[in-house]
Amino acid sequence: MEEADDGVGELQLSPEVMREMGYRAVDALVDRWAELPNEPAWRGGSRAEMDTRLGPIAPPPAGPSDPESVLREAIESVLPEAARIDHPRFFAFIPSAPSWMAVLGDFLATGFNVFQGTWLASAGPSRVELEVVEWFRSWVGMPEGAEGVLTSGGSVANLMAVVMAREIADSPDRPVVYLSDQGHSSLRRAARLAGIPPEGIRVLPTGPDLLLVPDRVRRAVAEDRRDGAVPILVCANGGATNTGRVDPLAALGRMARELGVRLHVDAAFGGFAALTDTGREALDGLGEADTITLDPHKWLFQPFECGCLMAREPGELTSVFGVQAEYLQDTELGDDQVNFGNRGVQLSRTFRALKVWMTVRTHGLDAIRRGVDHGIRLAERAEARIRGSETLELLSPATLGIVLYRFVPDEDDPDAVDRLNRTIQERVIESGYAMVSSTRIGGRYALRLCILNPRTSWSDVEGVLRRVETLGAELSGLPGRSVGAR
Ligand SMILES: *Cc1c(COP(=O)(O)O)cnc(C)c1O
């Protein structure tokens, strides 16, 4: 057989087929976008159901298939079997509603196969990441010179923050990290991965308002120091995932400086609210933190994955994460030509900044700000609607797009009320109308709305509240008890 001189032809598609497949993929995405509001907000199923729908797990084929049929199978069979996180009525967990330009940004970054670990390999993209993290710096109110790096998400950013605290404290034998009992679960994992021993991971009880109490932190730090341990980091919430609430950041910042302990603010979901007046007020003191976690894939309208760690002290990221290697000597080009691979844990990394940059440049910051504000306003309107309801009880007021509530039947057994609300939630999800999740507050089952999608309308939100009222009444066989205008 004659040897081809243009590589392995079998691993290539012709330009015509490449275009045709690309156009089809774009068409599928735009169709999905248009149809989304008419689709169920959630789809999925058990392992057995997936095995039935997708066929049992099989060895890979040795020979080729028609790319069109592979594409069709992905679009029609695989991708629909998942939650529509960007559905206008996806109110569960922390949703994400990417802009189209961001989706294209990811596509382009992948297609151009940008390696953004070093300036040498990605001068233009690295310049753009510098610009994007500079935007973030100004939005969160960190001083000039503060630096950032985009990450896969908030979990890695949180991990980096704990590692930084440990390294900067010179890896003491008995490090202690303070977390809020309302802190995100990824912080506990971060502490564990950073090698903080279990007895050094202090989960502090919050006050009745579910916020960290600076005096409690101060006392814990003093006790641990007396004990010979070395407090290295306080982690505060810049928007707790549970309730949206923000710890007293300004007071914690002052205290941390006084005590000589670092302050990390996990503002993964809430940080971009700083673009709005309401959010800026709520997040007062954010810029005082030593490190801040942000998740553009939550409230900055980016597709997964896109997180960020901001660090206040210039040079700190590189001093903790930077490494040198003989085979990378060509990449050392001077301080203003940043090797982003030395600011974090990934050497090979994609060009995440492109999607953010394209989104902000296309729509402008004013539109982004209004988009974030939209969620805050809808949650406030939901709160007012809940307060005015005969049968719904407000459990946590609207804060940064999150509101907690429940249906209150004429029933005194608290466990029965929990069960009823759980059933209501299941029915709402089963109906396909909306995806809603639950949490617990004060030990009780709470329904939770998290409203971050700029394409969500008031009727979407109201529709969920009305269904909860109706289902609650039906399921309890009662009209529900008036809880008054609390
Ligand atoms: C989502 C979230 C995280 C985790 O971020 P990932 O991007 O999912 O890794 C951490 N903290 C808070 C407050 C979050 O909302």
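The notes below deal with the structure included here. Model, not experiment: these values are computed from the prediction.

### As for empty space enclosed by the protein
Tallying each qualifying case throughout the model produces 3 cavities of 30 Å³ or more. By volume, the largest cavity is sized at about 60 Å³. Along the walls of the largest cavity sit Val149, Leu150, Thr151, Ser152, Val156, Met160, Phe340, Gly341, Gly344, Val345, Gln346 and Arg349, which together make up its complete lining. Put simply, the parts of the chain that give the lining of the largest cavity at least two residues each are strand 1 (147-151) and helix 6 (154-168). Residues belonging to the lining of the largest cavity are distributed by class as follows: 6 nonpolar, 5 polar and 1 charged.

### Some words on the sheet that holds strand 8 (residues 392-399)
If you trace the 4 strands from one edge of the open sheet to the other, you get 8-9-11-10, paired in antiparallel fashion. Two strands close off the open sheet at either side, each with one partner strand: strand 8 and strand 10 (437-441). Neighbour-to-neighbour, the strand axes of the sheet open up by a mean angle of 35°, direction not taken into account. Of the pairings in the sheet, the one linking strand 8 to strand 9 (residues 402-407) comprises 5 bridges and is antiparallel in character. Residue Glu393 lies in a different strand from strand 9, and its bridge partner there is Arg406. Its contacts with the sheet put helix 14 (residues 365-387) on strand 8, strand 9 and strand 11 (444-450), and the angle it makes with strand 8 is roughly 160°.

### Looking at unusual backbone geometry
The omega torsion across Phe304 and Glu305 is 5°, close enough to zero to call that bond cis. Unusually for a residue other than glycine, Asp170 sits at a positive phi of about 70°. Relative to the helices and strands, Asp170 resides in the loop between helix 6 and strand 2 (175-180). Here the phi dihedral of Leu400 falls at roughly 45°; this positive angle occurs in a residue that is not glycine. Mapped onto the secondary structure, Leu400 falls in the loop between strand 8 and strand 9. Residue Leu400 is classed as buried on the basis of its relative accessible area, which comes to 5%.

### Quick word on the side chain of Arg137
By secondary structure assignment, the location of Arg137 is in helix 5 (residues 123-140). On the basis of relative accessibility, which here comes to 8%, the residue Arg137 falls in the buried class. Polar side-chain contacts of Arg137 include one of 2.8 Å to the side chain of Glu134. The contacts of Arg137, once residues within four sequence positions are left out, are Met142, Pro143, Glu144, Gly145, Ala146 and Met310.

### Regarding the environment of Thr318
One can find Thr318 in helix 12 (residues 316-321). Owing to a relative accessible area of 35%, Thr318 belongs among the partly exposed residues under this scheme. Sequence-wise, Thr318 and Asn339 are 21 residues apart; in three dimensions their C-alpha atoms are separated by 9.0 Å. Beyond its immediate chain neighbours, meaning those up to four positions away, Thr318 contacts Asn342 and Arg343.

Definitions and cut-offs
- Residues numbered from 1 in each chain as written.
- Predicted model: local features only at pLDDT ≥ 70, side-chain atom pairs only at ≥ 80, totals over all residues.
- Heavy atoms only, no water.
- 1 Å grid on protein atoms, 1.4 Å probe; cavity = no way out; pocket = protein on both sides within 12 Å on 5 of 7 lines; lining within 4 Å.
- Points joined across faces, edges and corners; volume = space filled by probe spheres on them.
- Helix = DSSP H or I, 4+ residues; strand = E, 2+ residues; numbered from the N terminus.
- Nonpolar A, V, L, I, M, F, W, Y, C, P; charged D, E, K, R; others polar.
- Pairing = 2+ DSSP bridges.
- Axes fitted to C-alpha atoms, helices over the stretch in contact; angles between N-to-C directions.
- Contact = heavy atoms within 4.5 Å.
- Buried < 20%, exposed > 50% of the residue type's maximum accessible area, 1.4 Å probe, protein only.
- Polar contact = N/O pair within 3.5 Å; in protein donor to acceptor, adjacent residues only side chain to side chain.

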